[in-house]
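The lines below spell out each chain.
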Amino acid sequence: MLCSNGCEKEDTLAPNISISGTVTDNSGYAGTIIVEIDYNRRDIANSAGQYSIAIHTDFYVDSLYAWVDRDGNSAYTAGEPFGFYHSSTELDRAKSIHARDSDIGNINFSIP
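Just so we're clear, the structure is a prediction, and the values are computed from it rather than from any experiment.

A.B. asks: Quick question: what am I supposed to make of the overall build of the protein chain here?
C.D. replies: From N to C terminus, the protein chain includes zero helices and nine strands. With respect to the three principal axes, the spread of C-alpha positions in the protein chain is 60 × 35 × 25 Å. Counting the 112 residues in the protein chain, one finds 33% classified as buried. Partitioning the intrachain contacts of the protein chain with sequence separation of at least 6 by distance along the chain shows that 66% fall at a separation of at least 24. Put simply, the protein chain shows about 7,200 Å² of open surface, and 46% of that area lies on carbon and sulfur atoms. Of the side-chain charges in the protein chain, 7 are positive and 16 negative, and the distance between the mean point of each set is 4 Å.

A.B. asks: Teacher, can you tell me more about the nonpolar core here?
C.D. replies: One broad trend across soluble globular proteins is that nonpolar side chains are buried collectively. Of all hydrophobic cores here, the largest spans 22 residues; its most connected members are Ile19, Val35, Tyr51 and Leu64. Contributions of two or more residues to this core are made by β1 (17-25), β2 (32-38), β4 (50-55), β5 (59-61), β6 (65-69), β8 (97-99) and β9 (109-111). Beyond its immediate sequence surroundings of up to four residues, Val35 is in contact with Val23, Arg41, Arg42, Asp43, Ala45, Tyr51, Ile53, Leu64, Tyr65, Ala66 and Phe109.

A.B. asks: What is the right way to read unusual backbone geometry from this model?
C.D. replies: Where the residue is not glycine, phi is negative for most of them; where a peptide bond is considered, it is trans in most cases. Not every positive phi belongs to a glycine, and Ser74 is a case in point at roughly 60 degrees. With a relative accessible area of 42%, Ser74 lands in the partly exposed category. In the Ramachandran plot, Asn106 falls in the positive-phi region, its phi being about 60 degrees despite a non-glycine side chain. Look at Asn106 and you get exposed, because its relative accessible area is 68%.

A.B. asks: Looking at this structure, I do not really get the side chain of His56. What am I missing?
C.D. replies: Relative to the elements of secondary structure, His56 occurs in the loop between β4 and β5. Other than its neighbours up to four places away in sequence, His56 contacts Thr12, Leu13, Ala14, Pro15, Asn16, Ile17 and Arg41.

A.B. asks: Looking at this structure, how should I read the sheet that holds β9?
C.D. replies: Pairing between the strands of a sheet is mediated by backbone hydrogen bonds and can be parallel or antiparallel. Reading across the sheet, the three strands line up as β4-β1-β9 and stay open at both edges, with mixed pairing between neighbours. Of all the strands in the sheet, just β4 and β9 have a single pairing partner and so form its edges. Neighbour to neighbour, the strand axes of the sheet diverge by 35 degrees on average, direction disregarded. One ladder, built from three bridges, connects β1 with β9; its direction is parallel. Looking at β9, one finds that Asp25 is bridged to Ile111.

A.B. asks: What exactly am I supposed to notice about the sheet that holds strand β7 (residues 82-84) here?
C.D. replies: Taken in spatial order, the four strands of this open sheet run β3-β2-β6-β7, and their pairing is antiparallel. One side of each edge strand has no neighbouring strand; the edge strands of this open sheet are β3 (41-44) and β7. Recorded for the sheet is a direction-independent mean angle of 20 degrees between the axes of neighbouring strands.

Reading the values: rules and limits
- Residues numbered from 1 in each chain as written.
- Predicted model: local features only at pLDDT ≥ 70, side-chain atom pairs only at ≥ 80, totals over all residues.
- Heavy atoms only, no water.
- Helix = DSSP H or I, 4+ residues; strand = E, 2+ residues; numbered from the N terminus.
- Buried < 20%, exposed > 50% of the residue type's maximum accessible area, 1.4 Å probe, protein only.
- Contact = heavy atoms within 4.5 Å.
- Areas by Shrake-Rupley, 256 points an atom, 1.4 Å probe, with all protein chains shown as cover.
- Lys, Arg positive; Asp, Glu negative; His and termini not counted.
- Charge placed at Lys NZ, Arg CZ, Asp CG, Glu CD.
- Core = buried A, V, L, I, M, F, W, Y, C linked by side-chain atoms within 4.5 Å.
- Pairing = 2+ DSSP bridges.
- Axes fitted to C-alpha atoms, helices over the stretch in contact; angles between N-to-C directions.

The following block contains the structure:
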């Protein structure tokens, strides 16, 4: 599509939908829970473990994970408890999510 003056082009990479759910922290450690798709696609879970990450339409999430930021540096440090979204039959493999054109909720998982 060609645009001339006065024509606004939609940014197809602008976040316009979200992935949300609850992370349950069973680790026994205190700290902020950070939920992340990528270093620039993340949210800090609230005290109930709820999170919401803004993404763009037709976004493919190969892994969604969370960790307890015990040292407060806002980055995963080896040894910090973590968990990731997976199917009930494949506990050691991340489950991918393909977000088409609407919000995806109830993506719940835990940090063991």
